[in-house]
Amino acid sequence: RKDSLDDLMRQIVCLATQFAIAYSGPVALPGKIKRFTVNRSPHIYKKSREQFELITHRRLFVFPPQDLSFLTLLESMVSGGIELKVKLNNNAYFRG
């Protein structure tokens, strides 16, 4: 859900300010929508269909290279229904 994602973004911002970590974000990235159409009946009722969609919302945060304790704390904050991907790039230039 988008509401739980926004709550997590607020918690990450509060956590980063408590640890005095410079950050950039959250930046809303384009979402992905997957649509599915399913027949309601497997027999002769071809016109009777039901449609579903799965919407994926994405956000981007940029943090400077830190120790892994901050990242493990971020991973522990994630609740059900939200996926967190962490990409480490030590060669990236960061301007805070």
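Provided above is the structure to which this section pertains.
Residues numbered from 1 in each chain as written. Predicted model: local features only at pLDDT ≥ 70, side-chain atom pairs only at ≥ 80, totals over all residues. Heavy atoms only, no water.

Engineer: What is the right way to look at the packing of helix H1 (residues 2-18) against helix H2 (residues 68-77) in this model?
Structural biologist: Describing two packed helices takes the angle between their axes plus the distance from one axis to the other. At their nearest, the axes of H1 and H2 sit 11 Å apart, and the two run at 155° to each other. The angle between H1 and H2 falls in the class roughly antiparallel. As H1 runs across H2, the sense of the crossing is right-handed. Contact residues: H1 offers Leu8, Gln11, Ile12, Leu15 and Ala16, while H2 offers Phe70, Leu73, Leu74 and Met77. (Axes fitted to C-alpha atoms, helices over the stretch in contact; angles between N-to-C directions. Helix = DSSP H or I, 4+ residues; strand = E, 2+ residues; numbered from the N terminus. Parallel < 35°, antiparallel > 145°, perpendicular 65-115°, else oblique. Left-handed = near helix turned anticlockwise from the far one by under 90°. Contact = heavy atoms within 4.5 Å.)

Engineer: Any chance you could explain the nonpolar core here in plain terms?
Structural biologist: In globular proteins that are soluble, nonpolar side chains generally tend to be buried together. Listed in full, the 12 residues of the largest apolar core are Leu5, Leu8, Met9, Ile12, Leu15, Ala16, Ile21, Phe61, Phe70, Leu71, Leu74 and Ile82. Put simply, the parts of the chain that give this core at least two residues each are H1 and H2. In terms of residues, this core owes the most to one element, H1, which gives 6 residues. Among all residues touching Phe61, those that are not within four sequence positions of it are Met9, Ile12, Val13, Tyr23, Ser24, Gly25 and Pro26. (Core = buried A, V, L, I, M, F, W, Y, C linked by side-chain atoms within 4.5 Å. Buried < 20%, exposed > 50% of the residue type's maximum accessible area, 1.4 Å probe, protein only.)

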